[in-house]
Amino acid sequence: MQIGCKLVAKIIARKYVEKTQGKFRATELGEVVIDRMLPYFGELLDVQFTRKMEDELDDVESGKEDWQDFLRSYSASFDKEMATADVGMRTLPSVTAAS
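Residues numbered from 1 in each chain as written. Predicted model: local features only at pLDDT ≥ 70, side-chain atom pairs only at ≥ 80, totals over all residues. Heavy atoms only, no water.

Participant: Could you give an account of the pattern of salt bridges, with specific residues and numbers?
Facilitator: Under the counting rule described, the total for this entry stands at 3 salt bridges. Here Asp69 ties to Arg72 by a salt bridge, and the two come within 2.9 Å at their closest N and O atoms. With Asp69 and Arg72 both in helix α4 (residues 67-89) and 3 residues apart, this pair spans about one turn of that helix. Given a relative accessible area of 41%, Asp69 falls into the partly exposed group. One salt bridge in this structure joins Arg90 and Asp86, with 3.0 Å as the shortest N-O distance. Residue classification places Arg90 among the exposed residues on the basis of a relative accessible area of 64%. (Salt bridge = Lys/Arg side-chain N within 4 Å of Asp/Glu carboxyl O. Helix = DSSP H or I, 4+ residues; strand = E, 2+ residues; numbered from the N terminus. Buried < 20%, exposed > 50% of the residue type's maximum accessible area, 1.4 Å probe, protein only.)

See below:
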């Protein structure tokens, strides 16, 4: 199973999305998760950011860019975002999927 398929299976199993009329739609839990992530990881959810990252991953795959340099370029920023989110999200109440 490829990474994309595993990811889709996982977000369905965790009830973040459901498939309705052939389309994925966020569940109430999925909306809460996105709302909580946006203040800390908004860039990761931005279409321009993901498009740029996909292009750079293509460059890594084709050998135009070194994979270690690619990871270093993203890890410093992501590590800071994770540290901030770790502190900020601890104050939020827990949510779970409705049964």
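That shown, we press on.
Participant: Any details on a nonpolar patch on the surface? Residues and values, ideally.
Facilitator: A grouping of Val8, Ile12 and Phe24 is seen on the molecular surface, where their side chains present a nonpolar patch of about 230 Å² in accessible area. Summarising the element assignment, Ile12 is placed in helix α1 (residues 3-13). (Patch = residues over 30% accessible without salt bridge, like charges linked within 9 Å, V, L, I, M, F, W, Y side chains within 5 Å. Areas by Shrake-Rupley, 256 points an atom, 1.4 Å probe, with all protein chains shown as cover.)

Participant: Report on the pairing of strand β1 (residues 17-20), specifying residues and quantitative values.
Facilitator: Across 4 bridges, β1 lies against strand β2 (residues 23-26) in antiparallel orientation. By the bridge assignment for β2, Val17 is matched with Ala26. Connecting β1 to the antiparallel partner β2 that follows it, the hairpin turn spans 2 residues, and Gln21 within it adopts a positive phi of roughly 50°. (Pairing = 2+ DSSP bridges.)

Participant: Tell me about the side chain of Glu56, residues and numbers included.
Facilitator: By the element assignment, Glu56 lies in helix α3 (residues 47-62). The exposure class of Glu56 is buried, given its relative accessible area of 17%. Residues within four places of Glu56 in sequence aside, it is in contact with Glu65, Phe70 and Tyr74. (Contact = heavy atoms within 4.5 Å.)

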